[in-house]
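Observations on chain architecture
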Amino acid sequence: SRLCPVPVALLTGSVKGRERTKLLRGLRDGSIPLVVGTHALFQDAVAYKDLALAVIDEQHRFGVTQRLTLGGKGAQTDVLVMTATPIPRTLLLTNWGEMDVSRLSGKPAGRQPIRTTLHSLATLPDVLDGIARKLEAGGQVYWVCPLVAESEVLDIAAAEERFAALHARFGDSVGLAHGQQATEVRDAALAAFTAGRTRLLVATTVVEVGVDVPAASVMVIEHAERFGLAQLHQLRGRVGRGAEASFCLLLHEDHVSDTARRRLTMLRDTEDG
């Protein structure tokens, strides 16, 4: 809305009642020239007077049929799909999908490289001391865990358990965000971190996309061997957004398979997705 010279509407599943009816009417008669939204944009009830351009951000989060459905809402719709994560489906689309490909390989001005390092979980006390120094210096830190609550089957860090341990050490400067929280609770936790009211955010992969906190310069990923390369690449991209040098710490089991070690080493040695 700030950038655009024409009116911009927002359509999500939470837009209901009269407001939704008015919005859908505006899309049908063309009085709304630009709409931003979620999956709600390609539902059957949504019609467009003349859909000329569909931009699909984070396209790897949508299914093939969903993308085709949105493109099919107009007679001759141009479709632009965007992603920072070269997962196999994206690579196949660019190879076989009759797409023109534009590659933006440069970083935005002022971005610093992200130094990625591997750490055994046995060194956790040293990692925590380093995090303490960063927090004392006024920095902000993400701490990502693979599960929400402790599992009897998988003996790996749970976000809630890790939050409890870090809160005991660092107090109310620690926040918690995961997908099983009520939306308003999770949004409040993310907003508090964005505003700097909390400085250490324990989270699951809910922070993988759409979170922009330039002041955050450290990303700790616990049990990194449990994440896919695309996920790790996306999570690491949450830092390095400000002028300060940034770090990504990949914590792994003391004994990981050769395959896992190769994958983590590959991520450590390159920033290029």
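To be clear, the structure that these remarks concern was listed above.
These notes cover the structure that comes with them. (Residues numbered from 1 in each chain as written. Predicted model: local features only at pLDDT ≥ 70, side-chain atom pairs only at ≥ 80, totals over all residues. Heavy atoms only, no water.)

**Description of the overall build of the protein**
Note the cut-off: Here a helix means four or more residues in a row that DSSP labels H or I, a strand means two or more in a row labelled E, and each is numbered from the N terminus. Partly exposed residues are those whose accessible area sits between 20% and 50% of the maximum for their type, while under 20% is buried and over 50% is exposed, using a 1.4 Å probe and protein chains only. For this analysis, residues touch if any pair of their heavy atoms sits within 4.5 Å. Under the convention used here, a 1.4 Å probe and the Shrake-Rupley method define accessible areas, while residue burial counts only the protein chains that appear.
The number of helices and strands found in the protein is eight helices and 10 strands. Summarising its shape, the C-alpha atoms of the protein cover approximately 60 × 45 × 40 Å along the three principal directions. Considering the protein as a whole, with its 273 residues, one finds that 41% of them fall into the buried category. Of the contacts formed within the protein by residues at least 6 apart in sequence, a portion of 68% connects residues at least 24 apart. About 15,600 Å² of surface is accessible on the protein, with carbon and sulfur atoms providing 53% of the total.

**Quick word on the nonpolar core**
Quick note on the threshold: For this analysis, a nonpolar core means a set of buried residues of the types Ala, Val, Leu, Ile, Met, Phe, Trp, Tyr and Cys, connected via side-chain atoms within 4.5 Å.
Tyr142, Leu201, Val207, Met219, Ile221, Leu232 and Leu250 are the most contacted members of the largest nonpolar core, which has 24 residues in total. Of all the elements in the fold, those that place two or more residues in this core are strand 6 (140–144), helix 6 (183–194), strand 8 (200–203), strand 9 (216–221), helix 7 (229–236), strand 10 (246–252) and helix 8 (258–269). Contacts of Ile221, omitting those with residues within four sequence positions, involve Val144, Phe227, Leu232, Leu235, Cys248, Leu249, Leu250 and Leu251. Formed by 22 residues, the second largest nonpolar core is a distinct cluster that contains Leu128, Ile131, Leu135 and Cys145.

**Here's the deal with unusual backbone geometry**
Even without being glycine, Glu58 reaches a positive phi, approximately 50°. Along the chain, Glu58 falls in the loop between strand 3 (53–56) and helix 2 (64–71).

**Focus on helix 2**
Rule in force here: In this description, the arc belongs to the directions extending from the helix axis to the C-beta atoms.
Every buried residue of helix 2 is listed here: Arg67, Leu70 and Gly71. Buried residues of helix 2 fall within an arc of 100° about the axis and therefore sit on the same side. Residues of helix 2 that are exposed and point more than 90 degrees away from the buried face comprise Thr65 and Leu68.

**Focus on the pairing of strand 3**
For clarity, the cut-off: Being paired, for any two strands, means DSSP has found at least two bridges between them. A crossover counts as right-handed when, viewed with the strands pointing away from the observer, the path leading from the first strand over the helix to the second turns clockwise.
Alternating residues of strand 3 divide into Ala54 and Ile56, all buried, and Leu53 and Val55, none buried. Pairing of strand 3 with strand 4 (residues 78–81) involves four bridges; the strand directions are parallel. Bridging across to strand 4, Val55 finds its partner in Leu80. Each parallel crossover has a hand, and the one from strand 3 via helix 2 to strand 4 is right-handed.

**Describing the sheet that holds strand 7 (residues 174–177)**
Note the threshold: Orientation is described by lines fitted to C-alpha atoms, with helices fitted over the stretch in contact, and by angles between N-to-C directions that extend from 0 to 180 degrees.
The parallel open sheet is built from six strands, whose spatial order is 5-10-9-6-8-7. In this open sheet, the two edge strands, each paired with only one partner strand, are strand 5 (114–120) and strand 7. Strand-to-strand twist in this sheet, taken as the mean axis angle between neighbours without regard to direction, amounts to 20°. Note: strand 6 against strand 9, five bridges, orientation parallel. When the sheet's bridge partners are listed, Trp143 is paired in strand 9 with Val220. The strands touched by helix 4 (residues 124–136) are strand 5, strand 6, strand 8, strand 9 and strand 10; relative to strand 6, the strand with the most contacts, the crossing angle is about 150°.

**Here's the deal with the state of the cysteines**
As a reminder of what qualifies: The disulfide criterion used throughout: a pair of cysteine sulfur atoms within 2.5 Å.
Under the definition given, this model contains zero disulfides. Cys248 takes part in no disulfide bond, and the closest cysteine sulfur, belonging to Cys145, lies 13 Å away.

**Quick look at the packing of aromatic side chains**
Working definition: an aromatic ring pair is given by the centre-to-centre distance plus the angle between the planes. Selection criterion: Each Phe, Tyr or Trp ring, with Trp reduced to its six-membered ring, pairs with another whose centre is within 6.5 Å; inter-plane angles below 30 degrees give stacked pairs, above 60 give edge-to-face pairs, and intermediate values give tilted ones.
Within the structure shown, the criterion is met by two aromatic pairs. Between Phe42 and Phe62 the ring centres are 6.2 Å apart and the planes differ by 75°, which places this aromatic pair in the edge-to-face class. One end of the pair, Phe42, is in the loop between strand 2 (34–37) and strand 3; the other, Phe62, is in the loop between strand 3 and helix 2, with 20 residues separating them in the sequence. Residue classification places Phe42 among the buried positions, given a relative accessible area of 10%. With relative accessibility at 14%, the residue Phe62 sits in the buried group.

**With respect to the pairing of strand 6**
Most of strand 6 sits inside the fold, with five of its five residues counted as buried. Here strand 6 shows no split at all, with Gln140, Tyr142 and Val144 on one side and Val141 and Trp143 on the other all buried.

**Quick word on the side chain of Thr116**
We count it as follows: Counting of polar contacts relies on pairs of N or O atoms within 3.5 Å, with two restrictions inside protein: one atom must be capable of donating a hydrogen and the other of accepting it, and residues adjacent in sequence are counted only when both atoms are side-chain atoms.
Tracing the sequence through the fold places Thr116 in strand 5. By relative accessible area, which is 7% here, Thr116 ends up buried. Here Arg236 takes part through its side chain, which lies 2.8 Å from a polar atom of the side chain of Thr116. Leave out the neighbours within four places in its chain, and Thr116 touches Arg236, Cys248, Leu250 and Arg268.

**Description of a negative patch on the surface**
So the rule is basically this: Only residues above 30% relative accessible area that lack a salt bridge enter a patch, with like-charged residues linked at up to 9 Å and the nonpolar side chains Val, Leu, Ile, Met, Phe, Trp and Tyr linked at up to 5 Å. Each reported salt bridge corresponds to a side-chain nitrogen of Lys or Arg within 4 Å of a carboxyl oxygen of Asp or Glu. Residues counted as positive are Lys and Arg, residues counted as negative are Asp and Glu, and His and the chain ends are not counted. The location of each charge is read from NZ of Lys, CZ of Arg, CG of Asp or CD of Glu.
Residues Glu150, Asp155, Glu160 and Glu161 make up a contiguous surface patch of negative charge. As for its position among the elements, Glu161 is in helix 5 (residues 159–170). On the basis of relative accessibility, which here comes to 47%, the residue Glu161 falls in the partly exposed class.

**Looking at helix 5**
Rule in force here: Expected span of a helix, by definition, is 1.5 Å for each gap between consecutive residues, and there is one gap fewer than residues.
Given a rise of 1.5 Å per residue, 12 residues ought to cover 16 Å, and the 16 Å separating the end C-alpha atoms of helix 5 matches this to within 8%. Tucked inside the fold, the buried residues of helix 5 contact helix 4, strand 6, strand 7 and strand 8. After helix 5 finishes, the residue Gly171 shows a positive phi value of roughly 70°.

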